[in-house]
Amino acid sequence: MIEVTLDFMLLKRKISSKELAQKVGITPANLSILKTGKAHGVRFDTLNKICEVLDCQPGDLLKYKKEEEEEWKDLKNG
C-alpha cells in the first residue's frame, strides 16, 4: 500500500493546500483526493509540479507500507 505523506510536507513547508493547488494548477478537490490517499493514481507532471513547489523529492510525499501492517493495525484497533 502506498501512503501519501503530503500533509506532512505542507506543514513542513508552511504552505496551505489551497495555495499548493493554485501553484500546481489543480483543483483543491483533486489535491484533497490525493492528500487523503483516495486517488488511484497521480500524473507524473502533477507530481513533478508538487515537488517543484514544495522543493522535495517524490519519496518525501509517498511511503510504501506492507499490507500486513495495515491488516494488523485494523485488527488491533477494532
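Use the structure listed above.
Notes on the structure in this doc start here.

Cut-off values and rules
- Residues numbered from 1 in each chain as written.
- Predicted model: local features only at pLDDT ≥ 70, side-chain atom pairs only at ≥ 80, totals over all residues.
- Heavy atoms only, no water.
- Salt bridge = Lys/Arg side-chain N within 4 Å of Asp/Glu carboxyl O.
- Helix = DSSP H or I, 4+ residues; strand = E, 2+ residues; numbered from the N terminus.
- Buried < 20%, exposed > 50% of the residue type's maximum accessible area, 1.4 Å probe, protein only.
- Arc of directions from axis to C-beta.
- Contact = heavy atoms within 4.5 Å.

**Some remarks on the pattern of salt bridges**
- Scanning all chains against the criterion turns up 4 salt bridges.
- Two residues, Asp 7 and Lys 35, come together in a salt bridge whose shortest N-O distance is 3.3 Å. One end of the pair, Asp 7, is in helix H1 (residues 6–13); the other, Lys 35, is in helix H3 (residues 28–35), with 28 residues separating them in the sequence.
- By relative accessible area, Asp 7 is classed as partly exposed at 40%.
- Residue Lys 35 is classed as partly exposed on the basis of its relative accessible area, which comes to 21%.
- For Arg 43, the salt bridge identified is with Asp 45, shortest N-O distance 3.4 Å.
- Taking the relative accessible area as the measure of exposure, Arg 43 reaches 61% and is therefore exposed.

**Topic: helix H2 (residues 17–24)**
- If you check which residues of H2 are buried, you get Leu 20, Ala 21 and Val 24. End-on view of H2: buried residues confined to an arc of 100°, all on one side of the axis. Residues of H2 that are exposed and angled more than 90 degrees away from the buried face: Lys 18, Gln 22 and Lys 23.
- Buried residues along H2 sit in contact with H1, H3 and helix H4 (44–54).
- Positive phi appears at Gly 25, one or two residues downstream of H2, with a value of about 90°.

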